[in-house]
Amino acid sequence: MRAAVLHEIGQEKLDVHDDVEAVGFGPGKVRVRVRATGLCHSDLSAMSGVLPQPAPFVPGHEGAGEILEVGDGVRGLKPGDRVVICWLPACGACPACKRGQTQLCLAGFMNAGTPNFRRTAGDVFGFAGTGTFAEEVVVDAGCAVPIPEDVPFDIAALIGCGVTTGLGAALNTADVQAGSSVAVIGCGGVGISAVQGARLKGAAEIVAVDPVASRRDAALRFGATKAVSPDELADAKQQVTGGEGFDYVFEVVGKSATARTAYEHTRRGGTLVVVGAGALDDFLQLNMFELFFDEKRILPSMYGGGDVLRSYERAIALWRAGRIDLAGLITHRVPLAEINEALDQMRTGTALRTCIEI
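None of the values given here were measured: they were computed from a predicted structure.

### Focus: the sheet that holds strand S5 (residues 57-58)
Reading across from one edge, S3-S8-S9-S5 is the order of the 4 strands in this open sheet, with mixed pairing throughout. Both outer strands of the open sheet, strand S3 (21-22) and S5, are each paired with one neighbouring strand and no more. Note: strand S8 (residues 117-119) against strand S9 (residues 122-126), 3 bridges, orientation antiparallel. Bridging across to S9, Arg119 finds its partner in Gly122.

### Re the environment of Cys187
Turning to its location among the elements, Cys187 is positioned in the loop between strand S12 (181-185) and helix H6 (189-200). The sequence separation of Cys187 and Phe125 amounts to 62 residues, and the corresponding C-alpha distance is 30 Å. If we ignore the near neighbours within four places in the chain, the residues touching Cys187 are Ile192, Ala208, Val209, Asp210, Arg215, Ala219 and Leu352.

### Some points on the pattern of salt bridges
Working definition: two side chains of opposite charge can pair if their charged atoms are close together. For the structure shown, the criterion picks out 20 salt bridges. Between Arg35 and Glu66 there is a salt bridge, with its nearest N and O atoms 2.5 Å apart. Taken together, the residues span a long stretch of sequence, with Arg35 in strand S4 (residues 29-38) and Glu66 in strand S6 (residues 62-70) at a distance of 31 residues. Accessibility expressed as a relative area gives 31% for Arg35, which makes it partly exposed. A salt bridge links Arg268 to Asp294; its shortest N-O distance comes to 3.6 Å. Of this pair, Arg268 sits in strand S16 (residues 266-274) while Asp294 sits in helix H10 (residues 288-294), placing them 26 residues apart in sequence. The class for Arg268 is partly exposed, based on a relative accessible area of 47%. Salt bridges linked by common partners bring Glu21, Arg118 and Asp123 together as one network.

### Some details on the nonpolar core
Grouped together as the largest cluster of nonpolar side chains are 100 residues, with contacts concentrated most on Val30, Phe133, Val182, Phe250 and Ile356. Every residue in contact with Val182, bar those within four places of it in the chain, is listed here: Val176, Ala198, Ala203, Glu205, Ile206, Val207, Phe246, Tyr248 and Phe250. Core analysis: the next-biggest nonpolar cluster, separate from the first, contains 12 residues, Val209, Val228, Ala262 and Leu272 among them.

### A closer look at the UniProt feature "domain: Enoyl reductase (ER)" (unreviewed entry) in the chain
Following the UniProt record, the feature "domain: Enoyl reductase (ER)" (unreviewed entry) maps to residues 10-352 here. The span residues 10-352 shows a helical share of 31% and a strand share of 24%, and its end C-alpha atoms are spaced 23 Å apart.

### Things to note about the environment of Asp281
Among the structural elements, Asp281 can be located in the loop between S16 and H10. Asp281 sits in the exposed class, given a relative accessible area of 63%. With 220 residues separating them along the chain, Asp281 and His61 place their C-alpha atoms 24 Å apart.

### Some remarks on H6
Its 12 residues give H6 an end-to-end C-alpha distance of 17 Å, which sits within 8% of 16 Å, the value for a rise of 1.5 Å per residue. Judged by how many residues are buried, H6 sits mostly within the fold: 11 of 12 residues are covered. Every buried residue of H6 is listed here: Gly189, Val190, Gly191, Ile192, Ser193, Ala194, Val195, Gln196, Gly197, Ala198 and Leu200. Residues of H6 that are buried make contact with helix H5 (162-174), S12, strand S13 (205-209), helix H7 (213-221), helix H11 (308-320) and strand S19 (353-357). Once H6 finishes, Gly202 follows within two positions and takes phi at roughly 90°, a positive value.

### Some words on the state of the cysteines
Scanning all chains against the criterion turns up 0 disulfides. Here Cys143 stays free of any disulfide, with the sulfur of Cys86 as its closest cysteine sulfur at 6.2 Å. Accessibility expressed as a relative area gives 2% for Cys143, which makes it buried.

### Thoughts on the sheet that holds strand S14 (residues 226-228)
The parallel open sheet is built from 6 strands, whose spatial order is S14-S13-S12-S15-S16-S17. Of all strands in the sheet, those bounded by a partner on one side alone are S14 and strand S17 (297-300). Along the sheet, successive strands turn relative to each other by an average axial angle of 15°, direction set aside.

### Examining the packing of helix H1 (residues 41-48) against helix H12 (residues 339-348)
Close contact between H1 and H12 brings their axes to 10 Å; oriented N to C, the two are set at 100°. When the interaxial angle is binned, H1 and H12 end up roughly perpendicular. Here H1 contributes His41, Leu44 and Met47 to the contact with H12, which in turn contributes Leu343, Met346 and Arg347.

### Thoughts on the packing of aromatic side chains
Per the stated rule, a full pass over the model turns up 3 aromatic pairs. Between Phe289 and Phe293, the ring centres sit 5.1 Å apart and the planes meet at 15°, which makes this aromatic pair stacked. Linking Phe289 with Phe293, this pair stays in helix H10, spanning 4 residues, or about one helical turn. The aromatic ring of Phe153 is capped on one face by Arg82, whose charged end is 4.2 Å from the ring centroid. Note that Lys296 overlies the ring of Tyr263, its terminal NZ or CZ placed 4.2 Å from the centroid.

Each value, and the rule that gives it
Residues numbered from 1 in each chain as written. Predicted model: local features only at pLDDT ≥ 70, side-chain atom pairs only at ≥ 80, totals over all residues. Heavy atoms only, no water. Pairing = 2+ DSSP bridges. Helix = DSSP H or I, 4+ residues; strand = E, 2+ residues; numbered from the N terminus. Contact = heavy atoms within 4.5 Å. Salt bridge = Lys/Arg side-chain N within 4 Å of Asp/Glu carboxyl O. Buried < 20%, exposed > 50% of the residue type's maximum accessible area, 1.4 Å probe, protein only. Core = buried A, V, L, I, M, F, W, Y, C linked by side-chain atoms within 4.5 Å. UniProt positions renumbered as here; feature names shortened; annotations may be inferred. Expected span 1.5 Å × (residues − 1). Disulfide = S-S within 2.5 Å. Axes fitted to C-alpha atoms, helices over the stretch in contact; angles between N-to-C directions. Parallel < 35°, antiparallel > 145°, perpendicular 65-115°, else oblique. Phe/Tyr/Trp six-rings, centres within 6.5 Å; stacked < 30°, edge-to-face > 60°. Lys NZ or Arg CZ within 6 Å of the ring centre and 35° of its normal.

Shown next, in the form of structure tokens:
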């Protein structure tokens, strides 16, 4: 089968091979035919080494498809079922799951260290234990979440990561209050989803911040009340909040410099929500006096900060009701053979989300 492979960390392009085999099928596993997958910035971060990931590997973790085969012991799934790939499944038994913090379950991360592809040259890993830039993938049954027949594969793929992450940051982690002021720094697919979440919660002012003009324009279409470049953020803070700072600031870039900027533009007593996934060696510096004196809440948001399965169901319900726009997030489409074009679209910021059709 075909799959896009990164051979060494740091390479900027993927090689599409047709001699890749999905391996590991057996009890508790399912084999999925991938139909659509989104390109998330985390895929680029894994390719560059910002996020730890063994190589060689098949990127992709935001996918949807249909079940081809189920292993012994699998319940509730059968061949032909339409599913979204969940890269962070909950085991249901660990301390985090028992506390109801299923987004902090580490079971899914354990899968990242086990190869689930093979070529004649040797084993190949799947990013985040999945690897959806492939025609087929073998995953734990818990990673395959059934979706209704009326949800297209491309929409389902977005719900598998970016939409759940951005919406959840606003709805679950921040619990944005009606009438509040919000700034979202970084307006790709995840940031735009955070904008939509803030709008759903009734935020009065939503300022979208991004260096790319097309993304700023898009943010306005999705519910932002103002869109500015990073060097215009200070003026927006003055105009919208009288210089006090925003009630909520979402950092959706994953860099300490951006998080520091977000902190400085959050009002005293306000909330900074860290959504972007950053590097292990990138440290955010805050002094102990400002932490005490400003009483700003700093809330990291992992995969939307809530139960993943409930978040999927909520996103589908909101999409069906026309309360959120998911189709509009897909600005580009490419076949798997042109995956490097999708990488360029992400790097330049010309795409909110590129759908790779497999």
